[in-house]
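Secondary and tertiary structure notes
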Amino acid sequence: MTERLSPGDTAPEFTLSDDAGKDVALGDFLGRKVIVYFYPAAMTPGCTKQACDFTDSLDSLQAQGYEVVGISPDKPAKLAKFRERDNLTITLLSDPDKTVMKEYGAYGEKKLYGKVVEGVIRSTVVVDEDGKVFLAQYNVKATGHVAKLRRDLKLNLADEEPR
């Protein structure tokens, strides 16, 4: 079982390529809060819903001091197609060897349709301005996750539409 991160842990540093092939490091965000989320595959229904939800919330998240970084094992070229197809504005990073996913506890054994398989564990880690884990959530649902995360972080509760 992959070790999961907990609040107060130092977030593992990483440098990965974005959809344009440019290197992006966690250290680039020091002094700002960053939501790092891990998803299994670009352009699949659940991952698309989650990426679109983060994109739709990006302006309000940034206004409250948060950046958003999505990490998947997809190659940069596929991430570029994903961005283009769905008009995504969040940062998309490629972790093809899953090293960063493993360091964050977002890759390992999981249940899929009743079977135990090894794969990407849909996860979100919120890193504070000092590079420490503020919140770590594992096995999150794609649909409704951004709204739940906003509630958990106590962001804009008064502005949210009742469901």
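Heads up: these notes are all about the structure in this document. Each chain has its residues counted from 1, running along the sequence as written. Two thresholds apply to this predicted model, a pLDDT of at least 70 for residue-level local features and 80 or more for giving and counting side-chain atom pairs, whereas whole-chain, interface and lining totals are computed over all residues. The side-chain numbers reported here are obtained from all heavy atoms of the structure, hydrogens and water having been left aside.

Some words on the overall build of the protein chain
Numbering goes from the N terminus for both helices and strands, where a helix is a DSSP run of H or I of at least four residues and a strand is a run of E of at least two. A tally of helices and strands in the protein chain yields four helices and nine strands. Helices and strands in the protein chain line up, N terminus first, as β-β-β-α-β-α-β-α-β-β-β-β-α. Going through the 163 residues of the protein chain one by one, you find that 48% of them count as buried. Residue contacts are counted whenever heavy atoms from the two residues lie within 4.5 Å of one another. Restricting the contact set of the protein chain to residue pairs at least 6 apart, pairs at least 24 apart contribute 61%. Accessible surface for the protein chain amounts to roughly 8,400 Å². Of this, 50% is attributable to carbon and sulfur atoms. Distance between charge centroids for the protein chain: 7 Å, based on 23 positive and 26 negative side chains. Burial classes follow relative accessibility: with a 1.4 Å probe on protein chains only, a residue under 20% of its type's maximum area counts as buried, one over 50% as exposed, and anything between as partly exposed. Computed with the Shrake-Rupley method and a 1.4 Å probe, the accessible areas treat only the protein chains shown as cover for residues. This count recognises Lys and Arg as positive and Asp and Glu as negative, with His and chain-terminal groups excluded. Lysine's charge is taken at NZ, arginine's at CZ, aspartate's at CG and glutamate's at CD.

Here's the deal with the sheet that holds strand S1 (residues 15-18)
Working definition: the strands of a sheet are paired by backbone hydrogen bonds and lie parallel or antiparallel to each other. Being paired, for any two strands, means DSSP has found at least two bridges between them. One open sheet accounts for seven strands, arranged S2-S1-S5-S4-S3-S8-S9; its pairing is mixed. On the outer flanks of this sheet lie strand S2 (23-25) and strand S9 (133-138), each paired with one strand and no other. Averaged over all adjacent pairs, the angle separating strand axes in this sheet is 30 degrees, with direction ignored. Inspection of the sheet shows strand S3 (residues 33-38) paired to strand S8 (residues 123-127) by five bridges, in the antiparallel sense. Simply put, an axis is a line fit to the C-alpha atoms, just over the touching stretch for a helix, and the angle between two N-to-C directions goes from 0 to 180 degrees.

Concerning the pattern of salt bridges
One side-chain nitrogen of Lys or Arg within 4 Å of one carboxyl oxygen of Asp or Glu is enough to make a salt bridge. One pass over the full model with this rule turns up six salt bridges. A salt bridge links Glu67 to Arg32, with the shortest nitrogen-to-oxygen separation between them at 3.5 Å. One end of the pair, Glu67, is in strand S4 (residues 66-72); the other, Arg32, is in the loop between S2 and S3, and 35 residues separate them in sequence. For Asp53, the salt bridge is made with Lys49, and the minimal N-O distance between the two is 3.0 Å.

A look at the state of the cysteines
Think of a disulfide as a covalent bridge from one cysteine sulfur atom to another cysteine sulfur atom. The disulfide criterion used throughout: a pair of cysteine sulfur atoms within 2.5 Å. Summed over all chains, the structure comprises zero disulfides. No disulfide involves Cys47; its nearest neighbouring cysteine sulfur is the one of Cys52, lying 11 Å away.

As for the nonpolar core
Counting residues in each nonpolar core, the largest one holds 23 residues, and the members touching the most others are Phe14, Phe38, Ile71 and Tyr104. Elements represented by at least two residues in this core include exactly S3, S4, helix H3 (99-103), S8 and S9. For this core, the element with the highest residue contribution is S3, accounting for three residues. With sequence-adjacent residues up to four places away left out, Tyr104 is seen in contact with Glu3, Leu5, Ala11, Pro12, Phe14, Leu26, Phe38, Val125 and Tyr138. Residue types Ala, Val, Leu, Ile, Met, Phe, Trp, Tyr and Cys, when buried and joined through side-chain atoms within 4.5 Å, form a set referred to as a nonpolar core. Membership of the second largest hydrophobic core comes to 22 residues, among which are Tyr39, Val68, Val146 and Leu153.

Overview of the side chain of Gln50
As for its placement among the helices and strands, Gln50 is situated in helix H1 (residues 45-63). With residues near it in sequence (within four places) discarded, Gln50 still touches Tyr37, Tyr39, Arg122, Val140, Ala142, His145 and Val146.

Here's the deal with the packing of H1 against helix H2 (residues 76-86)
Close contact between H1 and H2 brings their axes to 11 Å; oriented N to C, the two are set at 65 degrees. Between H1 and H2 the crossing geometry is right-handed. Note on element contacts: H2 touches H1 through Phe82, Arg85 and Asp86, opposite Cys47, Thr48, Ala51 and Cys52. Under the convention adopted here, Pro, Cys and the residues Ala, Val, Leu, Ile, Met, Phe, Trp and Tyr are nonpolar, Asp, Glu, Lys and Arg are charged, and Gly plus all remaining residues are polar. Its residues assigned to classes, the contact of H1 with H2 comprises four nonpolar, one polar and two charged. Rotating anticlockwise by less than a right angle from the far helix to the near helix defines a left-handed crossing, while the corresponding clockwise rotation defines a right-handed one.

Some points on the packing of aromatic side chains
Think of it this way: a Phe, Tyr or Trp ring, Trp meaning its six-membered ring, pairs with another when their centres are within 6.5 Å, and the plane angle makes it stacked under 30 degrees, edge-to-face over 60, tilted otherwise. Considering all chains together, one arrives at five aromatic pairs under this definition. Ring geometry for Tyr37 versus Phe54: centroids 4.5 Å apart, planes at 25 degrees, classification stacked. Of this pair, Tyr37 sits in strand S3 while Phe54 is found in helix H1, placing the two residues 17 residues apart along the sequence. Assessed through its relative accessible area of 0%, Tyr37 is described here as buried. Assessed through its relative accessible area of 0%, Phe54 is described here as buried. Taken together through their ring pairs, the aromatic side chains of Tyr37, Tyr39, Phe54 and Phe82 make up a single cluster.

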